[in-house]
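In case you want the letters, here they are:
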Amino acid sequence: MDLNAVEMFVYVVRAGSLSKAAQQSGIPLPTLSRRVRALEDSLNLQLIERSVRGVKLTVAGMHFYQQASAGVDILKGAQLASQHDERQISGYLRLSIPPAMTVWWELLAQFQQRYPGIRLFVQTTERRVDLVADGIDVALRVGAIEHETMVAKRVISWRHQLVAAPSLVERYGRPQSPADLSRYPCAVWNASAWRPSVWSLGGETVHPAAILMTNDYAHLYQRVLSGDVPPFMVNEDIAQGRLVGLLEDYPLPEQHIHLVYPPQHYPAPAIRAYLDFCSRFTANLS
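No experiment lies behind these values; they were computed from the predicted model shown. (Residues numbered from 1 in each chain as written. Predicted model: local features only at pLDDT ≥ 70, side-chain atom pairs only at ≥ 80, totals over all residues. Heavy atoms only, no water.)

## Some points on the overall build of the chain
Put simply, the rule reads: We count a stretch as a helix when DSSP gives it H or I for four or more residues in a row; a strand needs E for two or more, and each element gets its number in order from the N terminus. Exposure categories follow from relative accessible area, calculated using a 1.4 Å probe and restricted to protein chains: below 20% of the type maximum is buried, above 50% is exposed, and the middle band is partly exposed. In this analysis, two residues are considered to be in contact whenever any of their non-hydrogen atoms come within 4.5 Å of each other. Only the protein chains shown count as cover for residues, and all accessible areas are computed by the Shrake-Rupley method using a 1.4 Å probe.
Helix and strand counts for the chain stand at 9 helices and 14 strands. Relative to its 286 residues, the chain shows a buried fraction of 45%. Considering only residue pairs separated by 6 or more positions, the chain has 71% of its internal contacts joining residues 24 or more positions apart. Carbon and sulfur atoms provide 50% of the accessible area of the chain, an area that totals close to 15,000 Å².

Shown next as structure tokens:
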């Protein structure tokens, strides 16, 4: 088996198309196409389906990619094993994060300051991407993990915080129990216009009187009347008196953020650096 062809095949899968793989790797497009075709011939298997929209793994290709990508990453890791200066780590890292994760953009800025040789592609979407099909190395997931075949590394846990503008508290009064929220006009996060908004406050179920529902935390933050948002988005506002915390004795359920990535025996150095950096960065968040 031609190991160079295997490496080129991995390039193509991660890039999502032959043309993108050629651009990212610097390998001429005809060479990539020819070597991947030769690899398929040597294995007597069709590994990818080609179309004008890119490439898609066949079932056999998926199984081969899971093993081949791990081998490629091991070889690349061995090449860098003698490098003691972590700033020498380089590569192209493809990430997926939900919109309005402002704290993560700060993380990424600090990450690239520490690892200037790593180039980033960041896809922001509420959609749960297919990491292999979309060519994503690591995805940020909020909430439950649905992909059992993926590795999920928990990096932070928190409870949403109920907050309101001081003017709203002055107008309607400070709620003493979840039932008091019925008189509040609420802005809530919701993934769908057809899904009822439900809060669980200290074990009590509340259906807020939502005058605004959105799946965009940034807009929710700007329009906050009374809503539940991640505490790291509002801690400073509470400290400065721009927002008021409500019903602290009725905590919302705990939430988790995971970094999800395909199983690899030896992740690429850029991926390992990102996973470790995220763990250190989020340790300082509350």
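Still more ground to cover, so stick around.
## Description of the sheet that holds strand β4 (residues 118-124)
The condition is simple: Two strands pair under a simple rule: DSSP has to find at least two bridges between them. Angles here are taken between N-to-C directions and fall from 0 to 180 degrees, while the axes themselves are lines fitted to C-alpha atoms, restricted in helices to the stretch in contact.
Strands sit in the order β4-β3-β5-β14-β6 across an open sheet of 5 strands; the sheet is mixed. Pairing within the sheet leaves two strands with one partner each, and these edge strands are β4 and β6 (151-159). Neighbour to neighbour, the strand axes of the sheet diverge by 20 degrees on average, direction disregarded. Relative to β4, strand β3 (residues 91-97) runs parallel, the two being bridged by 7 bridges. Bridge assignment links Leu93 to a residue of β4, and that residue is Leu120.

## Side note on empty space enclosed by the protein
Let me state the cut-off plainly: For each structure, a 1 Å grid was placed over the protein atoms alone; sets of points admitting a 1.4 Å probe that cannot get out are labelled cavities, open sets with protein on both sides within 12 Å along at least five of seven lines are labelled pockets, and lining residues have an atom within 4 Å of a point. Grid points are joined across faces, edges and corners, and a volume is the space filled by probe spheres set on the points. All residues other than Ala, Val, Leu, Ile, Met, Phe, Trp, Tyr, Cys, Pro, Asp, Glu, Lys and Arg, Gly among them, are scored as polar; the first ten of these are nonpolar and the last four charged.
Taken as a whole, this structure holds 1 cavity of 30 Å³ or more when the rule is applied. In this model, the largest cavity occupies a volume close to 70 Å³. What lines the largest cavity is a set of 10 residues, and nearest its centre among them are Arg14, Tyr65, Leu131, Ile136 and Asp137. Of the residues in the lining of the largest cavity, the class split is 6 nonpolar, 2 polar and 2 charged.

## Some details on helix α2 (residues 18-25)
A turn of α-helix holds 3.6 residues, and therefore any two residues three or four places apart point the same way. How we decide: The arc in question is the one spanned by the directions pointing from the helix axis to the C-beta atoms.
For α2, the complete set of buried residues consists of Leu18, Ala21 and Ala22. The buried residues of α2 occupy one face: seen down the axis, they fall within an arc of 100 degrees. Packing partners of the buried residues in α2 comprise α1 (3-15), α3 (29-43), β1 (48-51) and β2 (54-57).

## Description of the packing of α1 against α3
Just so we agree on the cut-off: With respect to orientation, any angle under 35 degrees is reported as roughly parallel, any angle over 145 as roughly antiparallel, any angle of 65 to 115 as roughly perpendicular, and every other angle as oblique. Helix crossings are classified by the rotation of the near helix relative to the far one: an anticlockwise turn of less than a right angle makes the crossing left-handed, while a clockwise turn makes it right-handed.
Where α1 contacts α3, the axes come no closer than 9 Å and their chain directions differ by 115 degrees. It follows from the interaxial angle that α1 and α3 lie roughly perpendicular. Between α1 and α3 lies a crossing whose hand is left-handed. Across the interface between the two elements, Asn4, Ala5, Val6, Met8, Phe9 and Val12 of α1 pack against Thr31, Leu32, Arg35, Val36 and Leu39 of α3.

## Re the environment of Gln123
By the secondary structure assignment, Gln123 is in strand β4. Look at Gln123 and you get partly exposed, because its relative accessible area is 21%. Along the sequence, Gln123 and Ala139 sit 16 residues apart, while their C-alpha atoms lie 9.1 Å from each other. Dropping the residues within four chain positions of it, Gln123 is found in contact with Leu95, Ser96, Ile97, Val129 and Ile136.

## Examining the nonpolar core
To keep things clear, this is the line we draw: Here, nonpolar core means buried Ala, Val, Leu, Ile, Met, Phe, Trp, Tyr and Cys residues that are tied together by side-chain atoms lying within 4.5 Å of each other.
In this structure, Phe9, Val12, Leu32 and Ile48 are the most contacted members of the largest nonpolar core, which totals 30 residues. For this core, the secondary-structure elements that each account for two or more residues are α1, α2, α3, β2 and α4 (59-80). Looking at which element gives the most residues to this core, the answer is α1, with 8 residues. Beyond its immediate sequence surroundings of up to four residues, Phe9 is in contact with Val36, Leu39, Leu47, Ile48, Leu57, Gly61, Phe64 and Tyr65.

## What to know about the pattern of salt bridges
Formally: In the sections that follow, a salt bridge refers to a side-chain nitrogen of Lys or Arg positioned within 4 Å of a carboxyl oxygen of Asp or Glu.
Within this structure, the stated rule accounts for 3 salt bridges. Across the salt bridge formed by Glu40 and Arg50, the nearest N and O atoms sit 2.9 Å from each other. Placement of the pair is Glu40 in helix α3 and Arg50 in strand β1, with a sequence separation of 10 residues. Of the residues examined, Glu40 reaches a relative accessible area of 4% and is grouped as buried. Here Lys153 ties to Asp276 by a salt bridge, and the two come within 3.9 Å at their closest N and O atoms.

## Comments concerning the packing of aromatic side chains
This is how it is decided: Under the pairing criterion, centres of Phe, Tyr and Trp rings, with the six-membered ring standing for Trp, must be within 6.5 Å; the plane angle then separates stacked pairs below 30 degrees from edge-to-face pairs above 60, leaving the rest tilted.
Overall, the coordinates contain 5 aromatic pairs when judged by the stated rule. When the ring of Phe9 is compared with that of Tyr65, the centres are 6.5 Å apart and the planes differ by 75 degrees; the resulting orientation is edge-to-face. Placement of Phe9 in helix α1 and of Tyr65 in helix α4 is noted, with a sequence separation of 56 residues between them. Across the pair, Tyr65 and Phe9 agree in class, each one buried. Ring centres of Phe111 and Tyr274 lie 5.6 Å apart, and the angle between their planes is 80 degrees; on these two criteria the pair is classed as edge-to-face. Taken together, the residues span a long stretch of sequence, with Phe111 in helix α5 (residues 102-114) and Tyr274 in helix α9 (residues 269-282) at a distance of 163 residues. Each member of the pair, Phe111 together with Tyr274, is buried. Grouped by ring-pair contacts, the aromatic residues Phe111, Tyr115, Tyr274 and Phe277 constitute a single cluster.

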